[in-house]
Amino acid sequence: MNYELLVIGSGSDAIAEALSSARLGMHVALAQPSSARAGAVSFAVWKQAAGNLAGRGVSSMKVLRDEISRLDRDRKEHDQNELNRLGVEVFSGDVRLVAENEILIRDDFEVRSIRADGVLIASGTKPMRPSHFCFDDRTVVDVDSLLKLDGFPKSVVVVGAG
């Protein structure tokens, strides 16, 4: 299979790049590695959820978790509809780069060779946990463990924040 652009990744940046390239008329494939980190929520979803709940006097982590889940579900459904509408072919499985412009992707049923004029690897990120901080997922948390808290912290210090 030959494409103008092959995007490798499963996060919001990979999907956004595949969509914007398809909107420019490119023949695009999106390879989503099965090893991608499940459950990662984009910052845009967090920000929108906080904005939606601001001013409502919401003081429950459950309400925040529910709003983030709803928005993330809506975003994923919208993205899938756009990928389909724009003809972006999506492949999922074990992705191996085998040449400069070629990957092999293995799913439960077959191995496919996919070639493209250009390849973009959108690797995504995960929170870093420096060893000199004592992460206990209760008082010292990262973005992944923040939503697991029972309640809102009374105060917060953000270190990093990319």
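Our subject is the structure that appears above.
Residues numbered from 1 in each chain as written. Predicted model: local features only at pLDDT ≥ 70, side-chain atom pairs only at ≥ 80, totals over all residues. Heavy atoms only, no water.

Novice: Outline a nonpolar patch on the surface, supporting the account with residue identities and numerical values.
Specialist: Judged by side-chain polarity, Val98, Leu104 and Val111 come together as a nonpolar surface patch covering roughly 210 Å² of accessible area. Within the secondary structure, Leu104 sits in strand E4 (residues 102-106). Residue class for Leu104 comes out partly exposed when judged on its relative accessible area of 32%. (Patch = residues over 30% accessible without salt bridge, like charges linked within 9 Å, V, L, I, M, F, W, Y side chains within 5 Å. Areas by Shrake-Rupley, 256 points an atom, 1.4 Å probe, with all protein chains shown as cover. Salt bridge = Lys/Arg side-chain N within 4 Å of Asp/Glu carboxyl O. Helix = DSSP H or I, 4+ residues; strand = E, 2+ residues; numbered from the N terminus. Buried < 20%, exposed > 50% of the residue type's maximum accessible area, 1.4 Å probe, protein only.)

Novice: Describe in detail the packing of helix H2 (residues 43-53) against helix H3 (residues 61-85), supporting the description with residues and values.
Specialist: Where H2 contacts H3, the two axes come as close as 9 Å, and the packing angle between them is 125 degrees. Relative to H3, H2 is oriented oblique. In terms of crossing hand, the pair formed by H2 and H3 is right-handed. Contact residues: H2 offers Val45, Trp46, Gln48, Ala49, Asn52 and Leu53, while H3 offers Val63, Leu64, Glu67, Ile68, Arg70, Leu71, Asp72 and Arg75. Here the residues of the contact of H2 with H3 are counted per class, giving eight nonpolar, two polar and four charged. (Axes fitted to C-alpha atoms, helices over the stretch in contact; angles between N-to-C directions. Parallel < 35°, antiparallel > 145°, perpendicular 65-115°, else oblique. Left-handed = near helix turned anticlockwise from the far one by under 90°. Contact = heavy atoms within 4.5 Å. Nonpolar A, V, L, I, M, F, W, Y, C, P; charged D, E, K, R; others polar.)

Novice: Give a description of the nonpolar core that names residues and reports values.
Specialist: By size, the foremost hydrophobic cluster in this structure holds 12 residues: Leu5, Val7, Ala14, Ile15, Ala18, Leu19, Ala22, Val28, Leu30, Leu83, Val88 and Ala122. Elements supplying a minimum of two residues to this core: strand E1 (2-8), helix H1 (12-23) and strand E2 (28-33). The element best represented in this core is H1, accounting for five residues. In this view, Leu5 contacts Glu17, Ser21, Met26, His27, Val28, Ala29, Ala116, Gly118, Val119 and Leu120; residues no more than four positions away in its chain are not counted. Counting 11 residues, the second-largest nonpolar core is a separate cluster that includes Leu6, Ala31, Phe91 and Ile105. (Core = buried A, V, L, I, M, F, W, Y, C linked by side-chain atoms within 4.5 Å.)

Novice: Which residues make up the side chain of Glu82, and what values go with them?
Specialist: Mapped onto the elements, Glu82 comes out in helix H3. Judged by its relative accessible area of 13%, Glu82 is buried. Those residues in contact with Glu82, other than ones at most four positions away along the chain, are Leu19 and Arg23.

Novice: Report on the pairing of E1, specifying residues and quantitative values.
Specialist: Taken across its seven residues, E1 has five buried, putting it largely inside the fold. Both E1 and E2 contribute to a ladder of four bridges, which runs parallel. Bridging across to E2, Ile8 finds its partner in Ala31. Each parallel crossover has a hand, and for E1 linked through H1 to E2 it is right-handed. (Pairing = 2+ DSSP bridges. Right-handed = clockwise from strand over helix to strand, strands pointing away.)

Novice: Give me the sheet that holds strand E3 (residues 89-99): which residues, what numbers.
Specialist: If you walk around this closed barrel you meet the five strands as E1-E2-E3-E4-E5, and the pairing is mixed. Each neighbouring strand pair of the sheet contributes to a mean axis angle of 60 degrees, computed without reference to strand direction. The pairing of E4 with strand E5 (residues 111-121) spans five bridges and is antiparallel. Counted as the bridge partner of Arg106 is Val111 from E5.

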